[in-house]
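Geometric and topological summary
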Amino acid sequence: IIGWLRQAGERAGFYGTSVGLAAFSTANILLFTTMIWLIARALNRVDAERHTRQEHDARLAAIVGNSGDAIFGSTVQGVITSWNKGAENTFGYTESEVLGQSVSSLMVPAGRESEPAYFFTELSAGRTVLGYETVRKRKDGSQIRVSLTLSPIADGKGNITGVAAIVRDITANKRIEAD
């Protein structure tokens, strides 16, 4: 458009070739400067949003990492993929001991083997299991009373790809209630 305007102005006799070239060059410089400024502004906005998301994710990771409750992630099949310090304190296993291991083989005591199938059914349907009270075993073999909250983790297409687990040791509370 700028080139066409330059040629039309020269043909009409409004200005000569040198003035037309100068106007053409100036217009192109202004156009490209404006485009660069707009793109830089958009990139700065995207970068600021990314930085805000990273700060949010870091705060959330700190909350999970420092929680007194056991918080861990697993695949839908029950293979542990993440483990916080609260889980280490609750169950006695370090993260390196449990990653890649089955939740059922580590924590489900004898007589409770049917619970994972129930959880799998609920989670596969996209439902959260809230405050399910049960018994789990620790690394040393002792049993603790716990309240489980299990939430399905879905990918962008809505497919359930994992489980987020929050386990609260309620053993002391149950002892107090019994007294």
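Up top you'll find the structure we're talking about.
Figured I'd write up the structure that's included with this text. (Residues numbered from 1 in each chain as written. Predicted model: local features only at pLDDT ≥ 70, side-chain atom pairs only at ≥ 80, totals over all residues. Heavy atoms only, no water.)

**Points about the nonpolar core**
For clarity, the cut-off: Working definition of a nonpolar core: buried Ala, Val, Leu, Ile, Met, Phe, Trp, Tyr and Cys residues. They are joined through side-chain atoms within 4.5 Å. Relative accessibility under 20% of the residue-type maximum defines a buried residue, over 50% an exposed one, and the middle range a partly exposed one, all with a 1.4 Å probe and only protein chains included. Every helix listed is a DSSP run of H or I at least four residues long, and every strand listed is a run of E at least two residues long, numbered separately from the N terminus. Note on contacts: a residue pair qualifies if any of its non-hydrogen atoms lie within 4.5 Å across the two residues.
Within the largest apolar cluster, 21 residues are counted, with the highest numbers of intra-cluster contacts made by Phe-72, Ile-80, Trp-83, Phe-91, Met-107, Leu-150 and Val-167. Where this core is concerned, the elements lending two or more residues are strand S1 (70-75), strand S2 (80-83), helix H3 (85-91), helix H5 (103-107), helix H6 (115-124), strand S4 (143-154) and strand S5 (160-169). The contacts of Phe-72, once residues within four sequence positions are left out, are Ser-82, Trp-83, Val-103, Met-107, Val-163, Ala-164, Ala-165 and Val-167.

**Topic: the packing of helix H1 (residues 2-11) against helix H2 (residues 17-66)**
Cut-off, in case you're wondering: Think of each axis as a best-fit line through the C-alpha atoms, taken over the contacting stretch in the case of a helix, with angles from 0 to 180 degrees between the N-to-C directions. By the definition adopted for this analysis, an angle is roughly parallel if under 35 degrees, roughly antiparallel if over 145, roughly perpendicular if from 65 to 115, and oblique otherwise. Working rule for handedness: look at the near helix, and if it is turned counterclockwise from the far one by less than a right angle, call the crossing left-handed; if clockwise, right-handed. Lys, Arg, Asp and Glu make up the charged group, whereas Ala, Val, Leu, Ile, Met, Phe, Trp, Tyr, Cys and Pro make up the nonpolar group; the residues left over, Gly among them, are polar.
It is at 10 Å that the axes of H1 and H2 come closest, and there the two elements cross at 160°. Comparing the axis directions of H1 and H2 gives the class roughly antiparallel. The two elements H1 and H2 meet at a crossing, and its hand is right-handed. Between H1 and H2, the contacting residues are Ile-2, Gly-3, Arg-6 and Glu-10 on the first element and Thr-17, Gly-20, Leu-21, Phe-24, Ala-27, Asn-28 and Leu-31 on the second. Tallied by class, the residues present in the contact of H1 with H2 amount to 5 nonpolar, 4 polar and 2 charged.

Limitation: the analysis is restricted to geometry and does not speak to function.
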